[in-house]
Amino acid sequence: MQYLNILLSEIYKIGFILIPILVSVALIVWLDRRVWGAVQKRRGPNVVGPFGLLQTAADALKYILKEIIIPASSNKIIFILAPVVTMTLALVAWAVIPFSDNFVIADINVGILYLFAVSSLGVYGIIMGGWASNSKYPFLGAIRSAAQMVSYEVSIGIIIINVLLCVGSLNLSDIVNAQKDLWFVVPLFPMFVIFFISALAETNRPPFDLPEAEAELVAGYQTEYSGMMYAMFWLGEYANILLMCSMGAILFLGGWLSPIDLFPFNIIPAPIWMILKILFLFFLFALVKAIVPRYRYDQLMRLGWKIFLPLSLAYVVLTASFLFYFDKLPVRGM
Amino acid sequence: MLAHAFFFYFFSFITVAASLMVITFKNTVHSVFFLILTFITTGCLFIMIGAEFLGMILLIVYVGAVAVLFLFVVMMLNVAERQDDKKTQSKSTHIPSGLIVSLVILLEILVVIGGWQYKSDFIKTGALIIDSDITNTHLLGNVLYTQYIHLFQVAGVILLLAMIGAIVLTFRKREGVKRQSYINQISRHRENSISLEEVKFKSGVKIDD
């Protein structure tokens, strides 16, 4: 009986986080298109519902009603599994994201490693989709994407080490609480910039959307997908983008903490601050999509391996020596 | 405790079944996917015994990086293999070498476990005191960077050597490849790139390159 109680309360908690995330993914797609439109002096989607807010719901309805076509020569099981994997991995990572001191499903010790692991698994959805389609363009897109995501994970990992040096714990709540006095975006500003750019590459956003570069690869790994399966890829991608934004908010922008601990700011509840920071980062993502042209593939690889990796490694040395010299290394659990 | 046992048997059953699938499946890509499943459930087993750092590292390193490259290679090979398959019905000739390798691995495991039996107080040495207040990660760090720092460094150097070896073995300088040089592109000036020529009638202009 007590197992059942635990199970039910966990399911309640999961639902409480998951449903708002699914709704916000739909809204974020709308926001993305609106920002994109505004930069190009268009209106963007503004017809369905107030301000066009229900546009994504209408799109989703269209996708549900469309026929799912599975190519005859594809590997059917893996073909169907690929969007499922993408979507699941994008949602499963939210278990460790803290929205306030105690508003988190699983406050585990190795939270940041869990996030990193799940985001590095995200590449499987794309490889599986690309290979199982058994067609040239998806396969090329999948290979590009795998190389791209693996390369940029390396620099993200080293950037995380920078933050961990300042915190001394892998727990996400500890990381946020360590920023009470000073957000890490100030001392680690170069790392924040590199993290942001690597997050763009990791989530296959423009200017790094080479896996689905429509001018060369039709739609990359999504070419053979249709109907709801395509929509799942699409939603999973946006859930991943939101995840990367919240990772940036936690690592550099102080998570749920208010910018200054003064009257009008500290009465705003913590989750609202977290959401505002995620939205701010997403706004930057959307702006970048609108104003930056696509990278060439060799430029992308050069940026990842020859610039970001040495730079972030050098910054690890710098941070470590600074903390060591001024005797500021966090001592915990000794 | 019941739930714990249930989860343990659940994960270990999947691990064993998936690793059997790895060697029985005909399609190599499917084999790799089952290998990934084995890695993931092994990670879950690590987390169940409280070694959450090792479990996560297993996921990040093996599933996130090694298996991706594996899958990469196998997918590439598969395309070539499929065309090959129709021509020759190849019989498996890898059994003897496989047997030798697995025998060596079995011996190594026996030696490790034997050593453990021989020096059974090893687990109780000072650095390995299990304290529930200290997280797994801190414990590992305390041991790795103090008592075993030299071995740890040597392991790092071996990995570096392996990396350099792989690069040296596969690196080849191709002739006649025109590469883009950012420095040359940026440092071009009008004076040394544009010139005004008097073109003589019926003889033309000789242009470099």
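Residues numbered from 1 in each chain as written. Chains lettered and ligands numbered in written order. Predicted model: local features only at pLDDT ≥ 70, side-chain atom pairs only at ≥ 80, totals over all residues. Heavy atoms only, no water.

(A) Geometry of unusual backbone geometry. Residues and elements named next belong to chain A. For the bond running from proline 206 to proline 207, omega is 5°, close enough to zero to count as cis. By the element assignment, proline 207 lies in the loop between helix H8 (189–202) and helix H9 (214–217). Within the chain, asparagine 134 stands out as a residue other than glycine whose phi angle is a positive 55°. With respect to the helices, strands and loops of the structure, asparagine 134 is situated in the loop between helix H5 (123–132) and helix H6 (136–167). (Helix = DSSP H or I, 4+ residues; strand = E, 2+ residues; numbered from the N terminus.)

(B) Structural view of the side chain of serine 133 of chain A. All names here are of chain A. Relative to the elements of secondary structure, serine 133 occurs in the loop between H5 and H6. Serine 133 sits in the buried class, given a relative accessible area of 1%. Among all residues touching serine 133, those that are not within four sequence positions of it are Ser74, Phe79, Pro138, Tyr221, Glu224 and Tyr225. (Buried < 20%, exposed > 50% of the residue type's maximum accessible area, 1.4 Å probe, protein only. Contact = heavy atoms within 4.5 Å.)

(C) Inspection of a nonpolar patch on the surface at higher detail. All names here are of chain A. Together, Ile19, Val23, Leu27, Val47, Val48, Phe51, Leu53 and Leu54 make up a nonpolar patch on the protein surface, roughly 740 Å² of accessible area in all. Summarising the element assignment, leucine 54 is placed in the loop between helix H1 (2–39) and helix H2 (55–65). Assessed through its relative accessible area of 45%, leucine 54 is described here as partly exposed. (Patch = residues over 30% accessible without salt bridge, like charges linked within 9 Å, V, L, I, M, F, W, Y side chains within 5 Å. Areas by Shrake-Rupley, 256 points an atom, 1.4 Å probe, with all protein chains shown as cover. Salt bridge = Lys/Arg side-chain N within 4 Å of Asp/Glu carboxyl O.)

(D) Focus on a positive patch on the surface. Judged by side-chain charge, Arg302 and Lys306 of chain A together with Arg172, Lys173, Arg174 and Arg179 of chain B come together as a positively charged surface patch. Mapped onto the elements, lysine 306 of chain A comes out in helix H13 (residues 297–325). Residue class for lysine 306 of chain A comes out exposed when judged on its relative accessible area of 64%. (Lys, Arg positive; Asp, Glu negative; His and termini not counted. Charge placed at Lys NZ, Arg CZ, Asp CG, Glu CD.)

(E) Highlighting the nonpolar core. Core analysis: the biggest nonpolar cluster contains 113 residues, and Tyr124, Ile175, Leu251 and Phe252 of chain A have the highest contact counts within it. With 15 residues, the top contributor of residues to this core is helix H10 (residues 227–251) of chain A. (Core = buried A, V, L, I, M, F, W, Y, C linked by side-chain atoms within 4.5 Å.)

(F) Spotlight on the domain arrangement of chain B. Partitioning chain B into domains gives domain 1 (1–80) and domain 2 (127–172). The C-alpha centroid of domain 2 of chain B is placed 23 Å from the C-alpha centroid of domain 1 of chain B. (Domains from an automatic or database assignment.)

(G) Summary view of the interface of chain B and chain A. If you look at the interface, chain B gives 30 residues, while chain A gives 32 residues. Counting each side, the surface lost to burial between chain B and chain A is near 2,600 Å², with a carbon and sulfur contribution of 72%. The interface formed by chain B and chain A includes zero salt bridges. There are four residue pairs in polar contact (both at pLDDT 80 or more) connecting chain B and chain A. Elements supplying a minimum of two residues to the side of chain B that touches chain A: helix H1 (2–24), helix H2 (28–48), helix H3 (52–87) and helix H5 (136–147) of chain B. It is H3 of chain B that contributes the most residues to the side of chain B that touches chain A, 15 residues altogether. Grouping the amino acids of the side of chain B that touches chain A by side-chain chemistry returns 19 nonpolar, nine polar and two charged. (Buried area = accessible area lost by both parts, 1.4 Å probe. Polar contact = N/O pair within 3.5 Å; in protein donor to acceptor, adjacent residues only side chain to side chain. Nonpolar A, V, L, I, M, F, W, Y, C, P; charged D, E, K, R; others polar.)

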